[in-house]
Amino acid sequence: MSDHYVKVKVQLEQMKSCGEDAEKQGVDTEEQLPVSSSPASVSPDPSSITVARGDASNTSITCKHRGKSRSKQGKDDKNSCGKHISDLSLHGSVVSAHVGKNLNGLGLERTLHIKGTGKILQGKSEPNGNYLTIHASKNIQDTRREDGFKLARKRRPVTVDTSKAKTSLEALKLSIKQLKWKEFPLGRRTVCDIYWHGVSFHDNENIVSGQVNKFPGMIEMLRKINLSRAVRTMQELFPEEYNFYPRSWILPEEYQQFSTQIRMVKENDATVNPTFIVKPDGGSQGDGIYLIRDPSDLKLMTGSQAKQAVVQEYIQKPLLIDKLKFDIRLYVLIKSLEPLEIYIAKEGLTRFCTEPYQEPSQKNLTHVFMHLTNYSLNVHSGNFVHSDSQSTGSKRTLSSVLYRLAAKGVDIKKVWSDIIALVIKTVIAVVPELKVYYQADIPPGKPGPTCFQILGFDILLMKNLKPVLLEVNSNPSMRIEHEKEVSPGVFEYVPSPVDEEVKVGVIRDTLRLMDPGHKKPSISQSRAGGSEHREEIPMEGETQERSSDEGALPSLCLKQVYPKYTKQFNHLRLVERIAVLFIRFLGVKGNMRLGPTAFRTFIRTCKLSNSNFTMASVDILYIDITRRWSGTMPDSREAGMGVQAFVEAFFFLAGRRFKSLVLREQVVSLLELCEAQLESQSGPEDRRSVSCSRALPRAVKTQTLGLTNPQLGSPAPLRRAASQDYRLHQRLKPRTLRANVDN
């Protein structure tokens, strides 16, 4: 036994010298040497042994020598290597018997690195201890990369492009510094992990990967008019759920309706004299906002053009602190649209007016420092107080206000719960159209970044503690300093401790949540619209791997509220399912409008036409709704039916088909019908969207019925449903829509 051990040791030393000589010679040779059926490789130290079993037919050991020419010395070295390994194989049974005591039952892997070959030999001891087998292994560089992958990933800092950050730059710099990530203030030629934009998704048009802190279409979607329309649609379906948004009218298109309703209210009760607040559609920072008590006071024109605006009921009884009106600025992170993930910052800001509040009257309507809470307005008041304290001054933290309310006996848990519900419902209202914008800018299959965004919710607490949504800002200010007059007429920016405390935490923890090194958990979606999620994402990164750099960071200030509360709010996502149908029939990637042919295809595919509702009636419906909506959006350059117009058409079709139900049940019934038809017409191997150029042939539809779901796609129930629907339409006169669609 000892003789064999010595012989093996000598042979291994020769193998090492063989590799070293080959490296020195720089010989470029690659030779594959056959190995016998039960070879073994051993080193003097059992801890450095690599043992594995392999089949002789497909197992080999490769000795690779690098260089441009083959020298005689290289050939000799090659032959020497082959000889030594062949000799080793002859003594495999003896070697295995010697080392079997140390390896048997341990199941430990050992590694033998042969210098100069760039190869390693790997394997495990067999449980019986009778033989050890060698087989070819990976390149040593691959092994090192594999072993150190996690360490390398943690060591590599996340890269952030801040060249377009604008006013949020200072807070962003502090956040990146705290995370020990790498900032590129002037941009970078190669790709970055995260791109931070100051205004919109399109600040940088050349991003094909990574993550961007803006969603395409978010600015457009959160304009006053579009937000009001989205919430109004949800109010039609769920009036009790969406009573947190004041009654609104869109100007100038609804001016006559607004004037008529106000006149009727005053005629019925002369003592009633409501106040309204007018907000320009594209306004920000309080610009252009004013109060009125009569429709005649509206400023409808800007030069020769009609002024787009929203007029809302003014909340006359707000909650007061220190006799001052205030509102809440709450920061909300939309981490993704599919699946929908919403986080709310645990800390926010409260902005106070600078004049004691009085209910509006004709005398004080123009007192903006009394009625408007906008920081950008009140900062110019002589009464504005900049304070380093979080609980005093004209800008305070939300927690300081909630603690003060709690001290007075207010149930702040109920208030906070109502605020969370308001946020989730508002996001659900705007997501459908956001998805349309998203697929237009980043169509499926096209390289592009993923998106996330921080929104600023402005919320007012009424005297009865009910939260009211004022507006949602797509670009909330992340500035952490304020202007200070250091000498007459001379201003400079000085740090604002309250802003820094809140905003740096929001940006830092948003970056932590979007860290590309943290893998997202898989989420199964049961519906085409992504309206149901079977798994919940862990809150606040509970399952996320924390690097050593994050050990000193505080816990996340962002709390996940969706999909955590999916069960309570998932039923509200009806319009999102309608938007999924709309996107499916768009056809052309990047398009945001449905053409007449695509609309007809939708009607045919979902089998919504019959003898009482012919395709001619479908065309009239399309023209009527599209023409009316195009008049409300004069700046639109794209022709066709937008998603909001499609939702109106869908509501009309639902009301026509299921007359005896309330609107919400009508919409649910029509959605289930359309989704069932689409499922029944898609084979198990073909789930692609239905083509918008033409309807599927009738024969194809018949053949594919029932393939995916026997109960759902059975022809008999569909025939019964069709016959019942036909008899229903024979008994009831069809509904008309302005232009009398059936005529």
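Not measured: the values here are computed from a predicted model.

Cut-offs and rules
- Residues numbered from 1 in each chain as written.
- Predicted model: local features only at pLDDT ≥ 70, side-chain atom pairs only at ≥ 80, totals over all residues.
- Heavy atoms only, no water.
- Helix = DSSP H or I, 4+ residues; strand = E, 2+ residues; numbered from the N terminus.
- Buried < 20%, exposed > 50% of the residue type's maximum accessible area, 1.4 Å probe, protein only.
- Contact = heavy atoms within 4.5 Å.
- Phe/Tyr/Trp six-rings, centres within 6.5 Å; stacked < 30°, edge-to-face > 60°.
- Lys NZ or Arg CZ within 6 Å of the ring centre and 35° of its normal.
- Pairing = 2+ DSSP bridges.
- Axes fitted to C-alpha atoms, helices over the stretch in contact; angles between N-to-C directions.
- Core = buried A, V, L, I, M, F, W, Y, C linked by side-chain atoms within 4.5 Å.
- Expected span 1.5 Å × (residues − 1).
- Polar contact = N/O pair within 3.5 Å; in protein donor to acceptor, adjacent residues only side chain to side chain.
- Parallel < 35°, antiparallel > 145°, perpendicular 65-115°, else oblique.
- Left-handed = near helix turned anticlockwise from the far one by under 90°.
- Salt bridge = Lys/Arg side-chain N within 4 Å of Asp/Glu carboxyl O.
- pLDDT = per-residue confidence, 0-100.
- Lys, Arg positive; Asp, Glu negative; His and termini not counted.

**Re the environment of D161**
Turning to step 1, where the next piece is worked out: If you trace the backbone, D161 turns up in strand β6 (residues 159-164).
Turning to step 2, where the next piece is worked out: By relative accessible area, which is 5% here, D161 ends up buried.
Turning to step 3, where the next piece is worked out: Taking the C-alpha atoms as reference points, D161 and P185, 24 residues apart in sequence, are found 6.2 Å from one another.
Turning to step 4, where the next piece is worked out: Apart from residues lying up to four places away in sequence, D161 is in contact with F184, G187, R188, C192, I194, Y195 and W196.

**Thoughts on the packing of aromatic side chains**
Turning to step 1, where the next piece is worked out: Counted under the stated rule, the structure contains 16 aromatic pairs.
Turning to step 2, where the next piece is worked out: Summarising the aromatic geometry, the rings of F582 and F646 are spaced 5.4 Å apart at their centres and angled 55° between planes, so their arrangement reads as tilted. On the criterion of sequence distance, the pair formed by F582 in helix α16 (residues 574-584) and F646 in helix α19 (residues 643-657) is long-range, its members being 64 residues apart.
Turning to step 3, where the next piece is worked out: Look at F646 and you get buried, because its relative accessible area is 1%.
Turning to step 4, where the next piece is worked out: Of the aromatic side chains, those joined through ring pairs into one cluster are F582, F585, F599, F602, Y622, F646 and F650.
Turning to step 5, where the next piece is worked out: Across the ring face of Y290, the terminal group of K299 is positioned such that the distance to the ring centre comes to 4.5 Å.
Turning to step 6, where the next piece is worked out: Cation over ring: R396 sits above F352, and NZ or CZ is 4.1 Å from the ring centre.

**Observations concerning the sheet that holds strand β11 (residues 276-280)**
Turning to step 1, where the next piece is worked out: Strands sit in the order β10-β15-β11-β12 across an open sheet of four strands; the sheet is antiparallel. Each having just a single partner strand, β10 (248-251) and β12 (290-292) make up the two edges of the open sheet. For this sheet, the mean angle separating the axes of adjacent strands, direction not counted, is 25°.
Turning to step 2, where the next piece is worked out: Two strands pair when backbone bridges link them, and β10 and strand β15 (residues 309-313) are joined in this way by four bridges, in the antiparallel orientation. Within β15, the position partnered with S248 by the bridge is Q312.
Turning to step 3, where the next piece is worked out: On the sheet, helix α8 (residues 224-237) packs against β10, β11 and β15 and is oriented at approximately 135° with respect to β10.
Turning to step 4, where the next piece is worked out: On the sheet, helix α9 (residues 255-268) packs against β10, β11, β12 and β15 and is oriented at approximately 140° with respect to β10.

**Here's the deal with the nonpolar core**
Turning to step 1, where the next piece is worked out: In this structure, L330, F457, F599, F602, F646 and F650 are the most contacted members of the largest nonpolar core, which totals 106 residues.
Turning to step 2, where the next piece is worked out: Among the elements that make up this core, the one with the highest residue count is helix α13 (residues 412-441) (17 residues).
Turning to step 3, where the next piece is worked out: Beyond its immediate stretch of four places on either side in the chain, F599 contacts L594, V618, L621, Y622, M641, F646 and A649.

**Re the environment of V668**
Turning to step 1, where the next piece is worked out: Topologically, V668 is positioned in helix α20 (residues 663-680).
Turning to step 2, where the next piece is worked out: Overall, V668 belongs to the partly exposed group, its relative accessible area being 24%.

**As for unusual backbone geometry**
Turning to step 1, where the next piece is worked out: A cis amide bond, omega 5°, links L251 with the succeeding residue P252.
Turning to step 2, where the next piece is worked out: With respect to the helices, strands and loops of the structure, P252 is situated in the loop between β10 and α9.
Turning to step 3, where the next piece is worked out: A cis amide bond, omega 15°, links Y562 with the succeeding residue P563.
Turning to step 4, where the next piece is worked out: We note that L465 has phi near 75°; this positive angle belongs to a residue other than glycine.
Turning to step 5, where the next piece is worked out: Among the secondary structure elements, L465 is positioned in the loop between β22 (453-461) and β23 (467-473).

**A word on the sheet that holds strand β8 (residues 194-197)**
Turning to step 1, where the next piece is worked out: Strand order in the open sheet made by the five strands is β7-β6-β8-β9-β21, with parallel pairing throughout. The open sheet has two edge strands with one neighbour each: β7 (182-184) and β21 (450-451).
Turning to step 2, where the next piece is worked out: Note that β6 and β8 share three bridges and pair parallel. Along β8, the bridge assignment pairs D161 with Y195.

**So, the pairing of β22**
Turning to step 1, where the next piece is worked out: β22 sits mainly inside the fold: nine of its nine residues count as buried.
Turning to step 2, where the next piece is worked out: Going residue by residue along β22, you find Q453, L455, F457, I459 and L461 tucked away on one face and I454, G456, D458 and L460 tucked away on the opposite face as well.
Turning to step 3, where the next piece is worked out: Judged from the seven bridges that link them, strand β17 (residues 324-336) and β22 form a sheet pairing that is antiparallel. Among the inter-strand pairings, I334 is bridged to a residue of β22, identified as Q453.
Turning to step 4, where the next piece is worked out: Judged from the six bridges that link them, β22 and β23 form a sheet pairing that is antiparallel. Along β23, the bridge assignment pairs I459 with L469.
Turning to step 5, where the next piece is worked out: In sequence, β22 turns back onto β23 through a hairpin of five residues, with L465 there showing a positive phi of about 75°.

**Some remarks on α8**
Turning to step 1, where the next piece is worked out: With 14 residues, α8 should reach 20 Å at 1.5 Å per residue; the first-to-last C-alpha distance of 20 Å fits that figure.
Turning to step 2, where the next piece is worked out: Burial runs high along α8: 11 of the 14 residues are buried.

**Some words on the side chain of R396**
Turning to step 1, where the next piece is worked out: The residue R396 is located in strand β20 (residues 395-397) in this model.
Turning to step 2, where the next piece is worked out: A residue is classified by how much of its surface remains accessible, and R396, at 8% relative accessible area, is buried.
Turning to step 3, where the next piece is worked out: At 2.8 Å, the side chain of R396 forms a polar contact with the backbone oxygen of G393.
Turning to step 4, where the next piece is worked out: Apart from residues lying up to four places away in sequence, R396 is in contact with I321, D322, G348, L349, T350, F352, Q390, S391, R404 and V498.

**Regarding the packing of helix α18 (residues 615-632) against α19**
Turning to step 1, where the next piece is worked out: The interhelical angle for the contact between α18 and α19, taken along N-to-C directions, is 140°, at an axis separation of 10 Å. The angle between α18 and α19 falls in the class oblique. Relative to α19, the crossing made by α18 is right-handed. Taking contact as the criterion, the partners of L621, I625, R628 and W629 in α18 are, on α19, Q644, A645, E648, A649, F652 and L653.

**Focus: the pattern of salt bridges**
Turning to step 1, where the next piece is worked out: Scanning the model with the defined rule gives 29 salt bridges in all.
Turning to step 2, where the next piece is worked out: Where K266 meets D294, a salt bridge forms, and the shortest distance between an N and an O atom there is 3.3 Å. Of this pair, K266 sits in helix α9 while D294 sits in the loop between β12 and β13 (301-302), and the two are 28 residues apart along the sequence.
Turning to step 3, where the next piece is worked out: Judged by relative accessible area, which is 24%, K266 ranks as partly exposed.
Turning to step 4, where the next piece is worked out: Of the residues examined, D294 reaches a relative accessible area of 29% and is grouped as partly exposed.
Turning to step 5, where the next piece is worked out: When the shortest N-O distance is used, the salt bridge between R396 and D322 registers 3.2 Å.

**Describing the environment of N383**
Turning to step 1, where the next piece is worked out: Relative to the elements of secondary structure, N383 occurs in the loop between α11 (375-378) and β20.
Turning to step 2, where the next piece is worked out: We classify N383 as partly exposed; its relative accessible area is 48%.
Turning to step 3, where the next piece is worked out: Put simply, N383 and S394 are 11 residues apart on the chain and 8.7 Å apart in space, counted from C-alpha to C-alpha.
Turning to step 4, where the next piece is worked out: If near-sequence neighbours (up to four positions away) are discounted, N383 is found in contact with T354, E355 and S394.
Turning to step 5, where the next piece is worked out: From its side chain, N383 meets the backbone oxygen of T354 in a polar contact 3.1 Å long.

**Let's talk about the confidence of the model for the protein**
Turning to step 1, where the next piece is worked out: In this model, the protein carries a mean pLDDT of 75, and residues with pLDDT of at least 70 account for 65%.
Turning to step 2, where the next piece is worked out: Counting contacts from residues 685-743, a segment whose pLDDT is below 50, to residues more than four positions away or on other chains yields 89 contacts.

**As for the side chain of E347**
Turning to step 1, where the next piece is worked out: Structurally, E347 can be placed in the loop between β18 (341-345) and β19 (349-352).
Turning to step 2, where the next piece is worked out: Summary of buried charges: E347 has no salt-bridge partner, and the nearest side chain of opposite charge, K346, is 11 Å away.
Turning to step 3, where the next piece is worked out: A polar contact of 3.2 Å, which involves the side chain of E347, links it to the backbone nitrogen of L398.
Turning to step 4, where the next piece is worked out: Other than its neighbours up to four places away in sequence, E347 contacts T397, L398, S399 and V502.

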